[in-house]
Amino acid sequence: MNVFDVIGPVMIGPSSSHTAGAVRIGNMAGMLLPGKPVRAEVGLHGSFAKTGRGHGTPQALAAGILGMPPWDSRIRDSLALAKEAGLQIAFEEVDIDGAHPNTALIRLWNEAGESVSVQGASVGGGEILITRIDGMEVDITGKQPTLLILHHDEPGVIAGVANYLAMNGVNIGGFKLSRKKKGDATALMTLELDEVPAPQVTQGIRCFPQVSRCVLIEPGL
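Residues numbered from 1 in each chain as written. Predicted model: local features only at pLDDT ≥ 70, side-chain atom pairs only at ≥ 80, totals over all residues. Heavy atoms only, no water.

Helices and strands together make up the secondary structure of the chain, namely 7 helices and 10 strands. Computed over C-alpha atoms, the radius of gyration of the chain comes to 17 Å, within 12% of the 17 Å expected from 2.2 N^0.38 for 221 residues, which places it in the range of a compact globule. Each principal axis of the C-alpha distribution contributes one length, and for the chain these read about 50 × 40 × 35 Å. By the burial criterion, 46% of the 221 residues in the chain qualify as buried. For the chain, restricting intrachain contacts to residue pairs at least 6 apart in sequence, the fraction spanning at least 24 positions comes to 66%. (Helix = DSSP H or I, 4+ residues; strand = E, 2+ residues; numbered from the N terminus. Rg over C-alpha atoms; globule rule 2.2 N^0.38 Å. Buried < 20%, exposed > 50% of the residue type's maximum accessible area, 1.4 Å probe, protein only. Contact = heavy atoms within 4.5 Å.)

Right under this line is the structure:
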């Protein structure tokens, strides 16, 4: 337990779950999209749908997509700032079977038409849990340095990445492989690390021929 578990996160209010957590979910989606987002479709589930607008949840999610931290004073104006930045955002109420009450489903597109879909829940005290990326099940809190590696699913890729990290002195603390179904050509490797790797290590993984995307999530937001 750290001090923020006791006193709560540094944030712009009014709610750690509906505001600070929502910003962090938006942050995660924004980080996973290559380039600048120009279009967003955001589904609000459960309490996010019923009471989120009164708590500023849409503004918080938009702020996160734009890259603002939970303590940014511009969060209240994020929808206007998004419009100025050329980001079109549409919100709707959705019902996601089995999802946490404070869940958002964010779909983002960039200028090139590339997209990402991120489902995440705000689980209290500003903490989040990302449960799906592009339809693949994940379990990401953002508390530890985390590598997300989208790759062609073939023998030797996981071992190659693990060996490469070991050669560079980076220890893996947790591992998960996600696929939409067995035999799918694309898979998502989630690696929780004991330390933040040097930039050249992340860049080296991006050079693997089977890797299409590699994103480093650093703790701190």
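Before going further, it helps to spend a moment on the packing of aromatic side chains. Following the criterion strictly, the structure yields 1 aromatic pair and no others. Aromatic pair Y164 and F208: ring centres 5.7 Å apart, planes at 80 degrees, arrangement edge-to-face. Taken together, the residues Y164 in helix 6 (residues 157-167) and F208 in the loop between helix 7 (199-206) and strand 10 (211-217) connect sequence positions 44 residues apart. Like F208, Y164 is buried. (Phe/Tyr/Trp six-rings, centres within 6.5 Å; stacked < 30°, edge-to-face > 60°.)

None of the figures reported here should be taken as evidence of function without further support.
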